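Overview (structure and organization)
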Amino acid sequence: MIGPVARAVRRCLCRTAVAGACAVLGPGVPGAALAAGQPAAADHAPSPRNANYSIDVQLDTEARRLHGRQVLTWRNTSIITTAELQLHLYYNAWKNSKSTWMRERRLRTGGRGLRERPASDWGWIDVQAVRLPGVGDAPAIDLTSRISHIAPDDGNPDDETVLVVPLPERIFPGDSVEIEIEWTSQIPRPFARTGVVGDYYFIAQWFPKVGVLEDSGWNCHQFHAATEFFADYGVYDVRITVPAGWVVGATGAEQSVVDNRDGTATHRYYQEDVHDFAWTTSPDFLERRERFEHPTLPAVEIRLLLQPEHAGQEARHFEATRHALRYYGEWFGAYPYDQITVVDPAWRSRTGGMEYPTLFTAGARWLAPAGVATPEEVIVHEAGHQFWYGVVGSNEFEHAWIDEGLTTFATARVMDAFFTEHYRSTWLLGRFVPWVLRDVPWSRAIDGNRMAGYRRNAHMDAPLRPTYRYWPATAGSISYNKTALWLHTLERYLGWPVLRRGMAGFYERWRFGHPAPDDFFDSLSAASNRDLDWFFDQVHGTARVFDYGVQALTSRRDAGRGFFGAGGEASFAEGSGEGGYETTVVVRRYDEGIFPVEVLTEFEDGHEEREVWDGAAEWTAYTYRRDARATRAFVDPDRVLLLDGNYTNNSRTLAPRATAAATRWSLRWLVWLQDLLLTYGFFI
């Protein structure tokens, strides 16, 4: 066993309004700068509301650009002072091939496709002005000449995804600052998550966004290819100007639409207690609305923006969203917002399957057979992110598994609960034509937890390592797959009621907070009333792999051959070949991971022997003397340890001699078939 994981220092986050904090605008207030130096808007707000935005943005469809002006009102909720603000400029990840995002992307793809990208495909964000607004007779203070780019993670001088804004005065704990920022963005053809394809725009991570000031300093990472985001909660009041007649979907609820009489319209969206804001627009969306209602959970308005070619799939989108809201709500806690928007992304836009507060993108296909869970599985996953990403604001740069892994685990459980007629499938012709394997049912453990993806990369990284430092090509295997598998293992080991109680306690305790890994571990240990550090130390603190197997199984007549008797009266006996059987089962730990497992031995007369092995030694043996011969032996027969990297060695069978030749030929045929499938699988 290894030593305990070093316990992270808990951060004490302000959960109530601080005296002197900035007020936020209510839905009835016209678009204007957020006012500073006034009482907090709500004494009992569910989130700290310390990063508030009032944004005006205009979409130029000819140039494919955004022109924006925003007022950021930020309050210091840490215990330290700061003389600067640090802002994310995510769009600069696609400014050129020397950004950190692009460099890391090349590690994963080898740079395929970059040479074919025309100039119009690339994107950037240019901050043109930063100033402190004037108060009373005091003039505004222009800070534009002071701003600069930094690369706190890797020192890359060509990366421009983090901007530093020096301030003329220090901001003490509890104090606030208001800054105005003007900027222009070139919208890319999507590299990932955001951009434009035809008349479909999906705009995410699009504005200068303040980092998180922790007690140890600024947490404002560069944009990395294998991670997502981290931000403080606040109130967003956003006015989006697009061509008149275009449909707009966004975080929050639409407050008004104003016809500007110049061929454009301004849509105002407002949302409290969120840590991000995304939006989409297109003249082609089909808009549909339905309502989620439940006897014990709050009602939610569901708005669906559907691509015209997917007309007829509305019911599947709504059903999957309802099931996500229902099961997540019943298991972990209620969805806290009044509305949710489901966006059906344009084909090949690379914006599908992504989550933002109160809004997410699905992933339908023109051909959607009833036996394939597309779009259902994507919808359940992204709707689930509203809980573990939207409400529990973990640091996805450093601990992506807290969101991605928990959501992957819960998604598989929801799909197992409601989508019963589900088969494995693959996609042909550029993921356009579905091929349904109707003889191979979908498996929660294998397909839902993505077991094959984990096994491929199990040794690559320990989750304890900050996610942005993972090997880019394997980060998903660790954050998504490994976490889902060890959570499912705990479900089988502790029981679902215990695990559910621990996850629900974590959700309730860290709503609108910034939890660390130990906070999750502590919640599960408390719910189970056990010290589970031995497990968390391995699955989180190391890249150890688990592999238990049956090394040997023998069951022979105990004939009693040899000398029997006392002293000189002992005589040699050949043995009659009759009598009982001596059965020996040798089980082995083939890899480093340690987990308690059961060992099951079955006998011809139907009798079973079960042993509990702590799994710590390299091997152990069990011997039985019975009248019946053993037929099979299993280690972990109920398959509790889903992290077992090689389940093919978990059992041995003593087959009758008459079938030995048939067994040999069957095994040869299976090896040939496996090789054939793997070979042809390369071309799919």
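Residues numbered from 1 in each chain as written. Predicted model: local features only at pLDDT ≥ 70, side-chain atom pairs only at ≥ 80, totals over all residues. Heavy atoms only, no water.

Here the focus is the nonpolar core. Grouped together as the largest cluster of nonpolar side chains are 162 residues, with contacts concentrated most on Trp206, Trp279 and Trp486. Looking at this core element by element, the count peaks at nine residues for helix α4 (residues 401-418). Leaving out residues up to four positions away in the same chain, Trp279 has contacts with Val57, Leu59, Leu66, Tyr201, Phe202, Ile203, Trp206, Ile240, Val242, Gly249 and Ala250. (Core = buried A, V, L, I, M, F, W, Y, C linked by side-chain atoms within 4.5 Å. Buried < 20%, exposed > 50% of the residue type's maximum accessible area, 1.4 Å probe, protein only. Helix = DSSP H or I, 4+ residues; strand = E, 2+ residues; numbered from the N terminus. Contact = heavy atoms within 4.5 Å.)

Taken as a whole and judged by the stated rule, the model has 51 aromatic pairs. Each ring, one from Phe202 and one from Tyr356, has its centre 5.6 Å from the other, and the planes form 45°; the classification is tilted. In this pair, Phe202 is assigned in strand β10 (residues 200-203) and Tyr356 in strand β22 (residues 354-356), connecting sequence segments 154 residues apart. In this pair, the class of Phe202 matches that of Tyr356, namely buried. The interplanar angle of 45° and the centroid separation of 5.7 Å between the aromatic rings of Phe223 and Phe229 together place this pair among those described as tilted. (Phe/Tyr/Trp six-rings, centres within 6.5 Å; stacked < 30°, edge-to-face > 60°.)

Put simply, the chain has an average pLDDT of 87, and 84% of its residues get 70 or more. Every residue in residues 1-41 scores below 50 in pLDDT, and together they form 94 contacts with partners more than four places removed in sequence or on other chains. (pLDDT = per-residue confidence, 0-100.)

Moving on to the packing of helix α2 (residues 314-331) against helix α3 (residues 376-391). Their axes nearest at 8 Å, the elements α2 and α3 cross at an angle of 40°. Between α2 and α3, the crossing angle belongs to the class labelled oblique. In the packing of α2 onto α3, the handedness of the crossing is right-handed. Contacts from Arg316, His317, Ala320, Thr321, Ala324, Leu325, Tyr328 and Gly329 of α2 reach α3 at Glu376, Ile379, Val380, Ala383, Gly384, Phe387 and Trp388. For the contact of α2 with α3, the class distribution of residues is nine nonpolar, four polar and two charged. (Axes fitted to C-alpha atoms, helices over the stretch in contact; angles between N-to-C directions. Parallel < 35°, antiparallel > 145°, perpendicular 65-115°, else oblique. Left-handed = near helix turned anticlockwise from the far one by under 90°. Nonpolar A, V, L, I, M, F, W, Y, C, P; charged D, E, K, R; others polar.)

Attention shifts here to the sheet that holds strand β26 (residues 548-557). Spatially, β26-β29-β32 is the arrangement adopted by the three strands of the open sheet, whose pairing is antiparallel. The open sheet has two free edges, formed respectively by β26 and β32 (619-626), since each of these has just one partner strand. Here the average twist between neighbouring strands, direction ignored, is 15°. The sheet contact formed by β26 and strand β29 (residues 581-589) spans nine bridges and is antiparallel. Opposite Arg557, over in β29, you have Tyr581 as the bridge partner. (Pairing = 2+ DSSP bridges.)

Below, the discussion takes up the environment of His67. Structurally, the position occupied by His67 is in strand β2 (residues 65-75). For the pair His67 and Thr184, spaced 117 residues apart in sequence, the C-alpha to C-alpha distance is 4.6 Å. Dropping the residues within four chain positions of it, His67 is found in contact with Asp56, Val57, Gln58, Asp60, Trp183 and Thr184. For His67, the side chain forms a polar contact with the side chain of Thr184, separated by 3.4 Å. (Polar contact = N/O pair within 3.5 Å; in protein donor to acceptor, adjacent residues only side chain to side chain.)

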